Amino acid sequence: MRLRNNPKANEILENHKDYVVINTKDYKGKWKAVFDNENPIYIEIGMGKGDFIIENAKRYPNINFIGIEKFPTVLTASLKKLDEEEYLSNLRLLREDAVVLNEVFDENEIHCIYLNFSDPWPKKRHAKRRLTSASFLNVYNTILCQDGKLVFKTDNRGLFEYSLVSFNQYEMNFIDVCLDLHNSEGYEDNIETEYERKFSPYGPIYQVITKFKGE
């Protein structure tokens with residue numbers, strides 16, 4: 001369920017510049033300077049209320065994490081959680097839309113992209129809006145470094161099947177495909193999203209890890 005709109009959301013974002021990067025396109029090609037280190041950069045597109053990206057930043061301090069969410073009210077929910085944590089220097093948040101990611105990140109700037117429980121856009125006429133469609137894969141292929149990974153997780157069978165076909169048509173390498181993430185061995189380090197905790201009792205969680213083929 002989407003949060004009720006917060007009319008002060010943009011003001012809250014402005015007041016959290018320790019985490020929120022406002023003029024995102026000014027930093028294209030300069031994101032390592034934002035973190036002031038040479039560590040790899042992992043991004044989550046559609047971070048929701050932030051449980052996944054925050055836990056990653058806490059668990060892996062030698063990786064820089066960027067959470068991306070286009071709805072400012074949703075971003076404020078993650079900031080409320082961060083206000084209760086020690087400062088995470090390896091985490092930044094962006095209010096941005098996935099369609100402009102190639103204007104925000106430079107070629108080969110990102111090491112991993114997470115797509116967690118993206119909107120399935122079930123109607124056929126909306127297929128191009130799915131974050132695993134070819135138009136978005138073109139963007140990911142540009143901003144990911146040569147060995148960069150795309151990690152996709154969903155509970156929607158239709159979107160899962162569509163994404164497998166989309167990845168295959170794009171001639172991507174499949175590193176791992178899991179048909180039931182919560183009931184399979186070897187995935188004990190899985191970090192759950194808030195959506196995942198709520199809906200996993202009602203059916204399997206699917207996960208695919210892929211990368212674009214190098215030259």
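A brief report on the enclosed structure follows. All figures in this text were calculated on a predicted structure; none of them were measured in a lab. (Residues numbered from 1 in each chain as written. Predicted model: local features only at pLDDT ≥ 70, side-chain atom pairs only at ≥ 80, totals over all residues. Heavy atoms only, no water.)

**Description of the pairing of strand E3 (residues 64-69)**
And step 1. The buried fraction of E3 is high, at six of six residues.
And step 2. Of the two faces of E3, the one holding Asn 64, Ile 66 and Ile 68 and the one holding Phe 65, Gly 67 and Glu 69 are both buried throughout.
And step 3. In terms of strand pairing, strand E2 (residues 41-45) meets E3 through five bridges, oriented parallel. Across the sheet, the residue bridging to Glu 44 is Gly 67, located in E3.
And step 4. Between the parallel pair E2 and E3, the chain is carried across by helix H3 (residues 51-59), and the sense of this crossover is right-handed.
And step 5. Of the strand pairs in this sheet, E3 and strand E4 (residues 91-95) are connected by five bridges, and their pairing is parallel. For Gly 67, the partnering residue across the bridge sits in E4 and is Leu 93. (Buried < 20%, exposed > 50% of the residue type's maximum accessible area, 1.4 Å probe, protein only. Helix = DSSP H or I, 4+ residues; strand = E, 2+ residues; numbered from the N terminus. Pairing = 2+ DSSP bridges. Right-handed = clockwise from strand over helix to strand, strands pointing away.)

**A look at the sheet that holds strand E1 (residues 20-21)**
And step 1. Taken together, the eight strands give an open sheet; going across it, the order is E1-E4-E3-E2-E5-E6-E8-E7, and neighbouring strands pair in mixed fashion. Of all the strands in the sheet, just E1 and strand E7 (173-178) have a single pairing partner and so form its edges.
And step 2. Taken strand by strand, helix H6 (residues 134-143) contacts E2, strand E5 (110-116) and strand E6 (144-154), and its axis lies near 140 degrees from that of E6.
And step 3. Sitting on the sheet, helix H7 (residues 157-169) is in contact with E6, E7 and strand E8 (206-211), with an inclination near 160 degrees to E6. (Contact = heavy atoms within 4.5 Å. Axes fitted to C-alpha atoms, helices over the stretch in contact; angles between N-to-C directions.)

**Regarding the nonpolar core**
And step 1. Ranked by internal contacts, the top residues of the largest apolar core, which has 33 residues, are Ile 43, Ile 45, Ile 66, Phe 105, Ile 113 and Tyr 140.
And step 2. For this core, the leading source of residues is H6, giving five residues.
And step 3. Apart from residues lying up to four places away in sequence, Tyr 140 is in contact with Ile 45, Leu 101, Ile 113, Leu 115, Leu 131, Leu 150 and Phe 212.
And step 4. Formed by 22 residues, the second largest nonpolar core is a distinct cluster that contains Phe 52, Ala 57, Leu 82 and Tyr 114. (Core = buried A, V, L, I, M, F, W, Y, C linked by side-chain atoms within 4.5 Å.)

**Concerning the environment of Pro 122**
And step 1. You can see Pro 122 is positioned in the loop between E5 and H6.
And step 2. On a C-alpha basis, the gap between Pro 122 and Leu 159 in space is 7.7 Å, while along the polypeptide they are 37 residues apart.

**Here's the deal with the packing of aromatic side chains**
For any pair of aromatic rings, the description rests on two quantities: the centre-to-centre distance and the angle between the ring planes.
And step 1. Within this structure, the stated rule accounts for 14 aromatic pairs.
And step 2. Between Phe 117 and Tyr 195, the aromatic rings sit 5.0 Å apart at their centres with planes inclined by 40 degrees, giving tilted as the arrangement. Residue Phe 117 is found in the loop between E5 and H6, and its partner Tyr 195 is found in helix H8 (residues 194-199); the two are separated by 78 residues along the sequence.
And step 3. On the accessibility criterion, Phe 117 (14% relative accessible area) is buried.
And step 4. An aromatic cluster is defined as three or more aromatic residues linked by ring pairs; in this entry it consists of Tyr 42, Phe 52, Phe 65 and Tyr 114.
And step 5. The ring of Trp 121 carries Arg 129 above its face, with NZ or CZ at 4.7 Å from the centroid.
And step 6. One Lys or Arg, Arg 130, reaches over the ring of Tyr 162 and ends 4.5 Å from the middle of that ring. (Phe/Tyr/Trp six-rings, centres within 6.5 Å; stacked < 30°, edge-to-face > 60°. Lys NZ or Arg CZ within 6 Å of the ring centre and 35° of its normal.)

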